[in-house]
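Listed below, chain by chain, are the residues.
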Amino acid sequence: MKYTENTTEFYSDTPTAVTLGKFDGLHRGHQKLIREIVKLQEQGYRGVVFTIAPDHVPVLLTPEEKRQMLESYGISYMIRCPFVPEILNMEPEQFIAEVLSGSLQAKHLVVGTDFRFGHDRTGDVSVLARFQEKYGYSLQVIEKERLGRRDISSTYVREALAKPDLELAGKLLGYDYFVEGVIQHGKQLGRRIGMPTINLIPDPYKLLPPQGVYFSRAAVDGKTYCGVTNIGYKPTVDGSFLGVETYLYGMNEEVYGKKASVSLLQFRRPEQKFSSVGRLKAQMESDIAAGKEYFHVE
């Protein structure tokens, strides 16, 4: 997949099918748009996912996670456009003429019903429809995906995470919410008390659910493990940073420095501060036993 970021000098030398938006989380509603772009790729067009969103704000997917997911979906070209005045202040027709028709040679546009663009967000699907003939593209407007009586949206996913209702978040996303990072050396406390864990420091802008203990599943070095994850500042130990610490059933390998992806499946309890290491160990043993029941592992 071709990937362009942090520049407005993007282009395509072949006709494209383009979908546009923030695509935060790439939830099931976004996936409807992506599937249409993939279908158009099969007809010979270059599929483009054009994203634009401010940096340094909490996100459901980091830029790298989003890039990896779009590549796995088979998208040809992802553009991560910078949040800059020369793009944001374009009048809608100017954006269509210079960016979509000009730089990207767009012949098909696929957007959601609430898509907005251009200066003061004055462009919408009616504007895109009005300029189809002038700029030589076709427009496909995709209805919202729904769960029950409510539209699926990034806001809905964020609400589910905040509860925290990881089962609902997974239904909205179409995949289990996950956190990625490189496995770091910790204080070795888990190893000393007979319950070794892996430690990740997530991207500082990755949106995390409330601090606490979760049943989880982790992918490490090509293998998948069931686990119990604590998200928090480790108040019993040192309280120094927000980390993701996971006990993995059946993990015996040395994995420091390797990348891990931890999917959060169900909330167990809030994070607690214990008066002693002994009380912490007892609670961890309880959490691990509960995880065995959840996963049906020995």
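Above this note sits the structure.
Residues numbered from 1 in each chain as written. Predicted model: local features only at pLDDT ≥ 70, side-chain atom pairs only at ≥ 80, totals over all residues. Heavy atoms only, no water.

Engineer: Mind showing me how you'd approach the environment of Ala53 here?
Structural biologist: If you trace the backbone, Ala53 turns up in the loop between strand 3 (46-52) and helix 2 (63-73). Taking C-alpha positions, Ala53 is 8.2 Å from Arg80, a pair spaced 27 residues apart along the chain. If sequence neighbours within four positions are ignored, Ala53 has contacts with Lys22, Cys81 and Phe83. (Helix = DSSP H or I, 4+ residues; strand = E, 2+ residues; numbered from the N terminus. Contact = heavy atoms within 4.5 Å.)

Engineer: How should the pattern of salt bridges be read in this particular structure?
Structural biologist: Side chains that differ in sign of charge can pair as their charged atoms come close. Evaluation of the coordinates by the stated rule reveals 18 salt bridges. Between Arg67 and Glu64 there is a salt bridge; the shortest N-O distance is 2.7 Å. Here Glu64 and Arg67 lie together in helix 2, a separation of three residues that amounts to about one turn. The exposure class of Glu64 is partly exposed, given its relative accessible area of 35%. Salt bridges sharing partners connect three or more residues here, namely Glu5, Asp55 and Arg80. (Salt bridge = Lys/Arg side-chain N within 4 Å of Asp/Glu carboxyl O. Buried < 20%, exposed > 50% of the residue type's maximum accessible area, 1.4 Å probe, protein only.)

Engineer: What is the right way to look at the sheet that holds strand 10 (residues 197-200) in this model?
Structural biologist: By definition, the strands of a sheet pair up through backbone hydrogen bonds, in either a parallel or an antiparallel sense. Here we have six strands rolled up into a closed barrel, ordered 9-10-13-12-11-14, and antiparallel in their pairing. For this sheet the average axis-to-axis angle between neighbouring strands, irrespective of direction, equals 45 degrees. Two strands pair when backbone bridges link them, and strand 9 (residues 178-184) and strand 14 (residues 259-270) are joined in this way by five bridges, in the antiparallel orientation. Pairing of Phe178 across the sheet is with Ser263, part of strand 14. (Pairing = 2+ DSSP bridges. Axes fitted to C-alpha atoms, helices over the stretch in contact; angles between N-to-C directions.)

Engineer: How do you make sense of the environment of Asn89 when you look at a structure like this?
Structural biologist: Looking at the secondary structure, you find Asn89 in the loop between helix 3 (85-88) and helix 4 (92-103). For the pair formed by Asn89 and His119, sequence separation is 30 residues and the distance between their alpha carbons is 4.5 Å.

Engineer: Even after reading the chapter, I still don't get the packing of aromatic side chains, so can you show me in this structure?
Structural biologist: Two aromatic rings, taken as a pair, are described by how far apart their centres are and by the angle between their planes. One pass over the structure, following the stated rule, counts 12 aromatic pairs. Summarising the aromatic geometry, the rings of Phe95 and Phe117 are spaced 5.7 Å apart at their centres and angled 45 degrees between planes, so their arrangement reads as tilted. One end of the pair, Phe95, is in helix 4; the other, Phe117, is in the loop between strand 5 (106-112) and helix 5 (125-130), and 22 residues separate them in sequence. Look at Phe117 and you get buried, because its relative accessible area is 6%. Taking the centre distance of 4.7 Å and the plane angle of 20 degrees together, the rings of Phe215 and Tyr294 count as stacked. With a gap of 79 residues between them, Phe215 in strand 11 (residues 212-220) and Tyr294 in helix 10 (residues 277-295) connect regions that are remote in the sequence. A relative accessible area of 31% means that Tyr294 is categorised as partly exposed. Linked through ring pairs, Phe10, Phe50, Phe95, Phe115 and Phe117 together constitute an aromatic cluster. (Phe/Tyr/Trp six-rings, centres within 6.5 Å; stacked < 30°, edge-to-face > 60°.)

Engineer: Hey, could you run me through the pairing of strand 13 (residues 243-248) in this one?
Structural biologist: A regular strand places its side chains so that they alternate between the two faces of the sheet. A large share of strand 13 lies buried, amounting to six of its six residues. Alternating residues of strand 13 divide into Gly243, Glu245 and Tyr247 and Val244, Thr246 and Leu248, and every residue in both groups is buried. The sheet contact formed by strand 10 and strand 13 spans four bridges and is antiparallel. In the strand pairing of strand 13, Thr197 is matched with Tyr247. In this sheet, strand 13 lies alongside strand 12 (residues 223-232) in antiparallel orientation, the contact comprising six bridges. Note on strand 13: the bridge partner recorded for Thr229 is Thr246.

Engineer: What am I meant to see in helix 2 here?
Structural biologist: The periodicity of an α-helix, 3.6 residues per turn, causes residues three or four positions apart to be oriented the same way. Residues Glu65, Lys66, Arg67, Met69 and Leu70 constitute the buried set of helix 2. For helix 2, the elements touching its buried residues are strand 1 (2-5), helix 1 (28-41), strand 3, strand 4 (77-81) and strand 9. Looking at the residues trailing helix 2, positive phi occurs at Gly74, about 95 degrees.

Engineer: What's the story with helix 10 in this structure? I'm lost.
Structural biologist: The terminal C-alpha atoms of helix 10 lie 26 Å apart, and with 19 residues this matches the ideal 27 Å at 1.5 Å per residue to within 8%. Note on helix 10: the residue one or two positions beyond its end, His296, has a positive phi of about 60 degrees. (Expected span 1.5 Å × (residues − 1).)

Keep in mind these values describe shape, not function.
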